[in-house]
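# Observations on the model geometry
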Amino acid sequence: SSSSSSSSSNWLLLHPTRCLRPLLIVAHHRPMRHLVSSMLRTVPKLASTIVFVGVIIIAFSNLGVQLYQGAYDVVDDVDIRGNFDNAFDAATAMTVLITTENFPDVLRPALHAGAIVNGVPRWVSAVFFVSFIVVGVWLGMSLWVTVIFETYKQQHRAKIAMARVQEQKALITAYSILQDEPDQPLDGSVWVALARRARPGLSLPAARALLAVMDRDGDGFISVDEFLQTVDLLKSTVTRLGAPPPPPPPP
(Lines give C-alpha, C1' and ligand atoms only; values in the text may rest on other atoms or scores of the structure.)
Protein backbone atom coordinates (compact mmCIF):
# COMPACT_ATOMS: atom_id res chain seq x y z
CA SER A 1 0.00 0.00 0.00
CA SER A 2 2.88 2.31 0.76
CA SER A 3 4.36 1.70 -2.69
CA SER A 4 1.03 2.42 -4.37
CA SER A 5 0.60 5.64 -2.39
CA SER A 6 4.13 6.74 -3.23
CA SER A 7 3.59 5.98 -6.94
CA SER A 8 0.35 7.95 -6.95
CA SER A 9 2.08 10.88 -5.27
CA ASN A 10 4.88 10.71 -7.82
CA TRP A 11 2.29 10.68 -10.58
CA LEU A 12 0.72 13.82 -9.13
CA LEU A 13 4.11 15.49 -8.99
CA LEU A 14 5.35 14.51 -12.46
CA HIS A 15 2.34 14.37 -14.73
CA PRO A 16 1.08 17.95 -14.22
CA THR A 17 4.37 19.19 -15.65
CA ARG A 18 3.81 17.33 -18.91
CA CYS A 19 1.17 19.79 -20.00
CA LEU A 20 3.83 22.50 -19.77
CA ARG A 21 6.21 20.78 -22.17
CA PRO A 22 4.77 22.49 -25.27
CA LEU A 23 5.84 25.78 -23.68
CA LEU A 24 9.45 24.64 -24.02
CA ILE A 25 8.96 24.25 -27.76
CA VAL A 26 7.45 27.72 -27.95
CA ALA A 27 10.30 29.18 -25.89
CA HIS A 28 13.09 27.63 -28.00
CA HIS A 29 11.55 27.88 -31.47
CA ARG A 30 11.49 31.40 -32.91
CA PRO A 31 8.82 30.83 -35.62
CA MET A 32 6.58 29.21 -33.00
CA ARG A 33 7.05 32.20 -30.69
CA HIS A 34 6.07 34.55 -33.51
CA LEU A 35 3.00 32.42 -34.25
CA VAL A 36 1.85 32.35 -30.62
CA SER A 37 2.50 36.08 -30.30
CA SER A 38 0.43 36.78 -33.41
CA MET A 39 -2.40 34.63 -32.06
CA LEU A 40 -2.40 36.45 -28.71
CA ARG A 41 -2.45 39.84 -30.44
CA THR A 42 -5.40 38.68 -32.55
CA VAL A 43 -7.58 37.78 -29.55
CA PRO A 44 -8.49 41.40 -28.58
CA LYS A 45 -9.49 42.13 -32.19
CA LEU A 46 -11.80 39.09 -32.11
CA ALA A 47 -13.67 40.28 -29.01
CA SER A 48 -16.50 41.96 -30.91
CA THR A 49 -16.86 38.99 -33.26
CA ILE A 50 -16.96 36.57 -30.32
CA VAL A 51 -19.67 38.68 -28.69
CA PHE A 52 -21.62 38.76 -31.96
CA VAL A 53 -21.49 34.97 -32.38
CA GLY A 54 -22.35 34.50 -28.69
CA VAL A 55 -25.41 36.73 -28.97
CA ILE A 56 -26.57 34.76 -32.03
CA ILE A 57 -26.17 31.44 -30.20
CA ILE A 58 -27.99 32.70 -27.09
CA ALA A 59 -30.85 34.23 -29.10
CA PHE A 60 -31.43 31.13 -31.21
CA SER A 61 -31.00 28.87 -28.17
CA ASN A 62 -33.77 30.66 -26.29
CA LEU A 63 -35.99 30.49 -29.36
CA GLY A 64 -35.18 26.79 -29.75
CA VAL A 65 -36.21 26.15 -26.14
CA GLN A 66 -39.57 27.79 -26.84
CA LEU A 67 -40.08 25.68 -29.98
CA TYR A 68 -38.66 22.26 -29.07
CA GLN A 69 -38.51 21.94 -25.28
CA GLY A 70 -39.06 18.31 -24.33
CA ALA A 71 -39.64 17.17 -27.91
CA TYR A 72 -36.20 15.69 -28.57
CA ASP A 73 -36.39 13.35 -25.56
CA VAL A 74 -38.77 10.99 -27.37
CA VAL A 75 -36.59 10.70 -30.48
CA ASP A 76 -34.24 7.72 -30.66
CA ASP A 77 -30.50 8.04 -31.35
CA VAL A 78 -30.33 11.70 -30.35
CA ASP A 79 -27.38 12.90 -28.33
CA ILE A 80 -28.50 14.26 -24.98
CA ARG A 81 -26.44 17.37 -25.75
CA GLY A 82 -28.50 17.96 -28.89
CA ASN A 83 -31.83 18.68 -27.23
CA PHE A 84 -33.56 21.91 -26.33
CA ASP A 85 -34.77 21.10 -22.80
CA ASN A 86 -33.00 24.08 -21.27
CA ALA A 87 -30.90 27.06 -22.31
CA PHE A 88 -27.57 25.34 -21.65
CA ASP A 89 -28.37 22.22 -23.67
CA ALA A 90 -29.84 24.39 -26.43
CA ALA A 91 -26.69 26.54 -26.53
CA THR A 92 -24.61 23.36 -26.73
CA ALA A 93 -26.75 22.12 -29.62
CA MET A 94 -26.45 25.42 -31.50
CA THR A 95 -22.70 25.49 -30.91
CA VAL A 96 -22.48 22.01 -32.42
CA LEU A 97 -24.54 23.24 -35.34
CA ILE A 98 -22.34 26.31 -35.92
CA THR A 99 -19.25 24.10 -36.13
CA THR A 100 -21.04 21.94 -38.78
CA GLU A 101 -19.85 18.81 -36.92
CA ASN A 102 -22.46 16.17 -35.95
CA PHE A 103 -25.14 18.63 -36.98
CA PRO A 104 -27.54 15.88 -38.22
CA ASP A 105 -28.21 15.02 -34.56
CA VAL A 106 -29.56 18.54 -34.12
CA LEU A 107 -31.45 18.86 -37.40
CA ARG A 108 -32.88 15.37 -38.00
CA PRO A 109 -35.62 15.24 -35.33
CA ALA A 110 -37.19 18.51 -36.51
CA LEU A 111 -36.66 18.11 -40.26
CA HIS A 112 -37.34 14.44 -41.00
CA ALA A 113 -40.20 13.68 -43.36
CA GLY A 114 -43.61 14.49 -41.92
CA ALA A 115 -42.15 15.92 -38.71
CA ILE A 116 -44.36 18.14 -36.57
CA VAL A 117 -42.42 18.64 -33.34
CA ASN A 118 -44.34 20.32 -30.50
CA GLY A 119 -46.86 21.47 -33.09
CA VAL A 120 -44.11 23.26 -35.05
CA PRO A 121 -44.46 22.57 -38.79
CA ARG A 122 -41.48 21.33 -40.75
CA TRP A 123 -41.13 24.53 -42.77
CA VAL A 124 -40.88 26.61 -39.58
CA SER A 125 -38.10 24.34 -38.35
CA ALA A 126 -36.37 24.68 -41.72
CA VAL A 127 -36.55 28.49 -41.51
CA PHE A 128 -35.25 28.40 -37.94
CA PHE A 129 -32.21 26.23 -38.62
CA VAL A 130 -31.38 27.62 -42.05
CA SER A 131 -31.51 31.21 -40.77
CA PHE A 132 -29.17 30.24 -37.93
CA ILE A 133 -26.73 28.64 -40.37
CA VAL A 134 -26.83 31.69 -42.64
CA VAL A 135 -26.33 34.21 -39.82
CA GLY A 136 -24.06 32.16 -37.59
CA VAL A 137 -21.95 30.10 -39.95
CA TRP A 138 -21.76 32.18 -43.12
CA LEU A 139 -21.84 35.65 -41.59
CA GLY A 140 -20.32 35.05 -38.15
CA MET A 141 -17.52 32.76 -39.30
CA SER A 142 -16.81 34.99 -42.30
CA LEU A 143 -16.35 37.94 -39.94
CA TRP A 144 -14.13 35.76 -37.78
CA VAL A 145 -11.85 34.86 -40.70
CA THR A 146 -11.85 38.46 -41.94
CA VAL A 147 -10.72 39.82 -38.57
CA ILE A 148 -7.94 37.23 -38.34
CA PHE A 149 -6.76 38.00 -41.87
CA GLU A 150 -6.81 41.77 -41.37
CA THR A 151 -4.96 41.47 -38.05
CA TYR A 152 -2.30 39.26 -39.62
CA LYS A 153 -1.95 41.69 -42.52
CA GLN A 154 -1.45 44.63 -40.15
CA GLN A 155 1.12 42.70 -38.15
CA HIS A 156 2.92 41.70 -41.35
CA ARG A 157 3.02 45.32 -42.55
CA ALA A 158 4.35 46.46 -39.17
CA LYS A 159 7.02 43.74 -39.32
CA ILE A 160 8.09 44.85 -42.80
CA ALA A 161 8.18 48.50 -41.72
CA MET A 162 10.32 47.63 -38.68
CA ALA A 163 12.71 45.60 -40.84
CA ARG A 164 12.95 48.53 -43.25
CA VAL A 165 13.78 50.93 -40.41
CA GLN A 166 16.49 48.61 -39.09
CA GLU A 167 17.89 48.23 -42.61
CA GLN A 168 18.13 52.00 -43.08
CA LYS A 169 19.79 52.45 -39.68
CA ALA A 170 22.37 49.83 -40.64
CA LEU A 171 22.99 51.55 -43.99
CA ILE A 172 23.46 54.93 -42.32
CA THR A 173 25.97 53.36 -39.92
CA ALA A 174 27.82 51.71 -42.82
CA TYR A 175 27.87 55.02 -44.72
CA SER A 176 29.44 56.83 -41.78
CA ILE A 177 32.13 54.12 -41.50
CA LEU A 178 32.97 54.24 -45.22
CA GLN A 179 33.31 58.02 -45.34
CA ASP A 180 36.85 59.42 -45.48
CA GLU A 181 35.68 62.65 -43.91
CA PRO A 182 32.49 63.09 -41.86
CA ASP A 183 31.21 65.95 -44.02
CA GLN A 184 32.25 64.55 -47.40
CA PRO A 185 30.08 62.34 -49.62
CA LEU A 186 31.15 58.80 -50.39
CA ASP A 187 33.34 58.26 -53.42
CA GLY A 188 31.67 56.18 -56.13
CA SER A 189 34.65 53.83 -56.46
CA VAL A 190 34.28 52.88 -52.79
CA TRP A 191 30.65 51.95 -53.39
CA VAL A 192 31.61 49.88 -56.46
CA ALA A 193 34.10 47.93 -54.38
CA LEU A 194 31.53 47.49 -51.62
CA ALA A 195 28.89 46.26 -54.08
CA ARG A 196 31.25 43.68 -55.59
CA ARG A 197 32.20 42.44 -52.14
CA ALA A 198 28.61 42.28 -50.88
CA ARG A 199 27.41 40.54 -54.03
CA PRO A 200 30.00 38.03 -55.23
CA GLY A 201 29.93 37.47 -58.95
CA LEU A 202 28.92 41.04 -59.75
CA SER A 203 31.09 42.23 -62.62
CA LEU A 204 32.78 45.61 -62.64
CA PRO A 205 30.67 46.96 -65.54
CA ALA A 206 27.50 45.82 -63.80
CA ALA A 207 28.57 47.50 -60.53
CA ARG A 208 29.31 50.72 -62.41
CA ALA A 209 25.92 50.51 -64.09
CA LEU A 210 24.26 50.24 -60.68
CA LEU A 211 26.35 53.18 -59.49
CA ALA A 212 25.09 55.24 -62.43
CA VAL A 213 21.52 54.46 -61.41
CA MET A 214 22.21 55.41 -57.80
CA ASP A 215 24.17 58.58 -58.57
CA ARG A 216 21.23 60.71 -59.62
CA ASP A 217 23.20 63.93 -60.04
CA GLY A 218 26.07 62.20 -61.87
CA ASP A 219 28.87 63.80 -59.83
CA GLY A 220 30.59 60.47 -59.04
CA PHE A 221 29.84 60.77 -55.31
CA ILE A 222 27.14 59.10 -53.24
CA SER A 223 25.12 61.04 -50.68
CA VAL A 224 23.53 59.35 -47.69
CA ASP A 225 20.10 59.56 -49.32
CA GLU A 226 21.42 57.83 -52.42
CA PHE A 227 23.28 55.25 -50.34
CA LEU A 228 19.99 54.11 -48.80
CA GLN A 229 19.16 52.50 -52.17
CA THR A 230 22.09 50.08 -51.84
CA VAL A 231 20.11 47.02 -50.75
CA ASP A 232 17.43 47.47 -53.41
CA LEU A 233 20.01 47.97 -56.16
CA LEU A 234 22.07 44.96 -55.12
CA LYS A 235 18.93 42.84 -55.51
CA SER A 236 18.51 44.06 -59.07
CA THR A 237 19.57 42.13 -62.14
CA VAL A 238 21.81 43.91 -64.62
CA THR A 239 21.24 42.91 -68.23
CA ARG A 240 23.48 44.03 -71.01
CA LEU A 241 21.58 44.99 -74.12
CA GLY A 242 22.99 44.12 -77.50
CA ALA A 243 23.90 46.66 -80.16
CA PRO A 244 20.92 48.06 -82.09
CA PRO A 245 20.30 46.43 -85.45
CA PRO A 246 21.76 48.21 -88.45
CA PRO A 247 19.40 50.41 -90.43
CA PRO A 248 17.89 48.83 -93.53
CA PRO A 249 19.68 49.53 -96.79
CA PRO A 250 18.30 52.37 -98.85
CA PRO A 251 15.97 51.34 -101.64
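Preceding this section is the structure that the text describes.
Cut-off values and rules
- The residue count restarts for each chain, going from 1 along the sequence in the order it is written.
- In view of the model being predicted, local features appear only for residues whose pLDDT reaches at least 70, and side-chain atom pairs are presented and counted only at 80 or more, with totals across whole chains, interfaces and linings using the full set of residues.
- Side-chain numbers here rest on the full set of heavy atoms in the structure, without hydrogens or water.
- Salt bridge criterion: a side-chain nitrogen from Lys or Arg within 4 Å of a carboxyl oxygen from Asp or Glu.
- Comment: elements are numbered from the N terminus, with helices defined as DSSP H or I runs of at least four residues and strands as E runs of at least two.
- Accessible area is worked out with a 1.4 Å probe on protein chains only. A residue is then buried under 20% of its type maximum, exposed over 50%, and partly exposed in between.
- Contact between two residues is taken to exist if any of their heavy atoms lie within 4.5 Å; hydrogens are not considered.
- Within 6.5 Å between ring centres, the rings of Phe, Tyr and Trp (the latter by its six-membered ring) count as paired, and their orientation is classed by plane angle as stacked under 30 degrees, edge-to-face over 60, tilted in between.

### So, the pattern of salt bridges
Throughout the structure, instances matching the rule amount to three salt bridges. A salt bridge links arginine 164 to glutamate 167; the nearest nitrogen and oxygen atoms lie 2.8 Å apart. Placement of both arginine 164 and glutamate 167 in helix α7 (residues 122-178) is noted, with a separation of three residues, approximately one turn of the helix. Between arginine 164 and aspartate 232 there is a salt bridge whose closest N-O contact spans 3.2 Å. Remark: aspartate 232 occurs in helix α11 (residues 230-234) and arginine 164 occurs in helix α7; sequence separation between them is 68 residues. Here arginine 164 falls in the partly exposed class, since its relative accessible area comes to 32%.

### Describing the side chain of glutamine 155
Secondary-structure assignment places glutamine 155 in helix α7. Its relative accessible area of 16% is what places glutamine 155 among the buried residues. Those residues within four positions of glutamine 155 in sequence are excluded, and the remaining contacts are Ser38, Arg41 and Thr42.

### What about the packing of aromatic side chains?
Counted according to the given criterion, the structure contains eight aromatic pairs. Note on tyrosine 175 and phenylalanine 227: the rings are 5.3 Å apart at their centroids and 55 degrees apart in plane angle, and the pair reads as tilted. Of this pair, tyrosine 175 sits in helix α7 while phenylalanine 227 sits in helix α10 (residues 224-227); the two residues are 52 residues apart in sequence, bridging distant segments of the chain. Like phenylalanine 227, tyrosine 175 is buried.

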